[in-house]
Amino acid sequence: MRGVCQGPPPYVPFNQTIFSELSSYGISWGFYTYNGSPVDPWEYIYGIEKYTNNLHSWQEFLSELENNTLPSVTWIFSQDFQDYDMGPPKEILQGELFLLYLINKIETSPVWNSTAIFVTWDEFGGFYDHVSPPSVDGLQYGPRVPFIVISPYSKEDYVSHTLMTHMSILAFIDYNWNLPPLNKNVAMSNIPIDMFSFQEKRSPIKFPNILSKNIIFKVENFSNYNLSKYFPLKPQIPFNELIYERYGNSSLNLSSYNVYVKTNYSYTPFFLSMYFIVILLVLEILLFTIFLYLRKRGGGIE
């Protein structure tokens, strides 16, 4: 069952987000959705409405990709567009084809040689995980979710055993641009640096039959998109020629650095807070009491 997000409120203040940090240090960023409309987490951030110039559509992403004008850090979201939402009861293959299309476009674009694509989900897509989640600071993590790194410098046939959270992506952003860690939790998050090998560069793996499709398409006959014929893929580098082990981990983090956000807090507008509701209830009781008093004295409205 998919979780249901409640809110906002409370909101996360913009100055506590990675978007704020990137803006403060002059690092360009973009937030891309189906038609350029806000989706989570954009709508949960208080004050982000001043940055609508950073909010774009998928078609704008493709144009900027081909023109080599993409911002340094880019987020692409598929939610709120039912054709590519992989959550039940949607068709998973539809979302996977969308993802494959985007990856192919990036791999054949001018930005490929300096790009790292992080692919992850907010759910693990199953009912059981044979690995017991670890506990950190007395709180147990949830089940594992997929995390895939695609880059000319990502290791082929490599499985990372680094303990990570979604904040590890933010830690990588801070590490890559030599920024202070966003906050304490990001500072303590392990960075997936072990998934890269910068001593060699690999060419992209493309699926040409998908490249001809427009990004806004709906698959009517899934039998025409049977990708099983491509697997198992032939390794680009034979296993016996790899210059690294096929399994590993990293404990690199930014815990020794001063953080960008020293205190985390949430924001709720007063008219949406419990205090406002309590005041309304008190006023209602007070007015009703006055009404009864006036009516008893003969000054009320019959």
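This text follows the structure it describes.
So, how was this worked out
Residues numbered from 1 in each chain as written. Predicted model: local features only at pLDDT ≥ 70, side-chain atom pairs only at ≥ 80, totals over all residues. Heavy atoms only, no water. Buried < 20%, exposed > 50% of the residue type's maximum accessible area, 1.4 Å probe, protein only. Helix = DSSP H or I, 4+ residues; strand = E, 2+ residues; numbered from the N terminus. Pairing = 2+ DSSP bridges. 1 Å grid on protein atoms, 1.4 Å probe; cavity = no way out; pocket = protein on both sides within 12 Å on 5 of 7 lines; lining within 4 Å. Points joined across faces, edges and corners; volume = space filled by probe spheres on them. Nonpolar A, V, L, I, M, F, W, Y, C, P; charged D, E, K, R; others polar. Core = buried A, V, L, I, M, F, W, Y, C linked by side-chain atoms within 4.5 Å. Contact = heavy atoms within 4.5 Å. Axes fitted to C-alpha atoms, helices over the stretch in contact; angles between N-to-C directions. Parallel < 35°, antiparallel > 145°, perpendicular 65-115°, else oblique. Phe/Tyr/Trp six-rings, centres within 6.5 Å; stacked < 30°, edge-to-face > 60°. Lys NZ or Arg CZ within 6 Å of the ring centre and 35° of its normal.

**Considerations on the pairing of strand S5 (residues 73-76)**
Regular strands show a simple pattern: their side chains alternate between the two faces of the sheet.
At step 1: Residue alternation in S5 divides its side chains into a buried set, Val-73 and Trp-75, and an unburied set, Thr-74 and Ile-76.
At step 2: Bridge count between strand S2 (residues 29-33) and S5: four bridges; the pairing is parallel. In the strand pairing of S5, Gly-30 is matched with Thr-74.

**Digging into empty space enclosed by the protein**
At step 1: Scanning all chains against the criterion turns up one cavity of 30 Å³ or more.
At step 2: Taken as a whole, the largest cavity encloses approximately 30 Å³ of empty space.
At step 3: Around the largest cavity sit Pro-152, Tyr-153, Ser-154, Lys-155, Glu-156, Ser-197, Glu-200, Arg-202, Ile-237 and Tyr-244, which together line it.
At step 4: Broken down by class, the residue content of the lining of the largest cavity amounts to four nonpolar, two polar and four charged.

**Some words on the nonpolar core**
Most often, soluble globular proteins have nonpolar side chains that are buried together.
At step 1: One finds Ile-18, Phe-19, Leu-22, Trp-29, Phe-31 and Trp-75 to be the most contacted residues of the largest nonpolar core, which totals 32 residues.
At step 2: Mapped onto this core, the elements with two or more residues apiece are helix H1 (18-24), S2, S5 and helix H4 (167-176).
At step 3: For this core, the leading source of residues is H4, giving four residues.
At step 4: Once you skip the residues sitting within four places of it in the chain, Phe-19 turns out to touch Phe-14, Trp-29, Phe-31, Ile-45, Ile-48 and Trp-75.
At step 5: Core analysis: the next-biggest nonpolar cluster, separate from the first, contains 17 residues, Phe-98, Val-111, Ile-117 and Ile-150 among them.

**Description of the layout of surface pockets**
At step 1: Size it by volume and the second largest pocket reaches roughly 350 Å³.
At step 2: When residues of the lining of the second largest pocket are assigned to their parent elements, the largest contribution, three residues, is made by helix H5 (residues 184-188).

**Some words on the packing of helix H2 (residues 58-67) against helix H3 (residues 92-107)**
At step 1: One way to put it is that H2 packs onto H3 with a least axis distance of 10 Å and a crossing angle of 20 degrees. Judged by the inter-axis angle, H2 sits roughly parallel to H3. Residue-level contacts link Trp-58, Phe-61, Leu-62, Leu-65 and Glu-66 of H2 to Phe-98, Tyr-101, Leu-102, Lys-105 and Ile-106 of H3.
At step 2: Of the residues contributing to the contact of H2 with H3, the split by class is eight nonpolar, no polar and two charged.

**Observations concerning unusual backbone geometry**
At step 1: Looking along the chain, the bond that leaves Pro-9 and enters Pro-10 is cis, with omega of 0 degrees.
At step 2: Looking at where Pro-10 falls in the secondary structure, it is placed in the segment before strand S1 (12-13).
At step 3: Residues Asp-40 and Pro-41 are joined by a peptide bond in cis, for which omega reads 5 degrees.
At step 4: With respect to the element layout, Pro-41 can be found in the loop between S2 and strand S3 (45-46).
At step 5: At Asn-68, a position not held by glycine, the phi torsion is positive, near 60 degrees.
At step 6: In this fold, Asn-68 is placed in the loop between H2 and S5.
At step 7: Its relative accessible area of 47% is what places Asn-68 among the partly exposed residues.

**Observations concerning the sheet that holds strand S4 (residues 55-57)**
At step 1: Overall, parallel pairing links the three strands, which are arranged S4-S2-S5 in an open sheet. Of all strands in the sheet, those bounded by a partner on one side alone are S4 and S5. Sheet twist, expressed as the mean angle between neighbouring strand axes with direction ignored, is 30 degrees.

**Describing the pairing of strand S6 (residues 117-120)**
At step 1: Alternating residues of S6 divide into Ile-117 and Val-119, all buried, and Phe-118 and Thr-120, none buried.
At step 2: Across four bridges, the pairing between S6 and strand S9 (residues 147-150) is antiparallel. In the sheet register, Ile-117 faces S9, and the bridge partner there is Ile-150.

**So, the packing of aromatic side chains**
At step 1: Counted under the stated rule, the structure contains 21 aromatic pairs.
At step 2: Ring geometry for Phe-172 and Phe-196: centres 5.5 Å apart, planes at 15 degrees, overall stacked. Of this pair, Phe-172 sits in helix H4 while Phe-196 sits in the loop between H5 and helix H6 (208-211); the two residues are 24 residues apart in sequence, bridging distant segments of the chain.
At step 3: Residue classification places Phe-172 among the buried positions, given a relative accessible area of 10%.
At step 4: When the ring centre of Tyr-158 is taken as origin, the NZ or CZ atom of Lys-155, which lies over that ring, is 4.5 Å away.
At step 5: Over the face of the ring belonging to Phe-239 we find Arg-246, whose NZ or CZ atom lies 3.9 Å from the ring centre.

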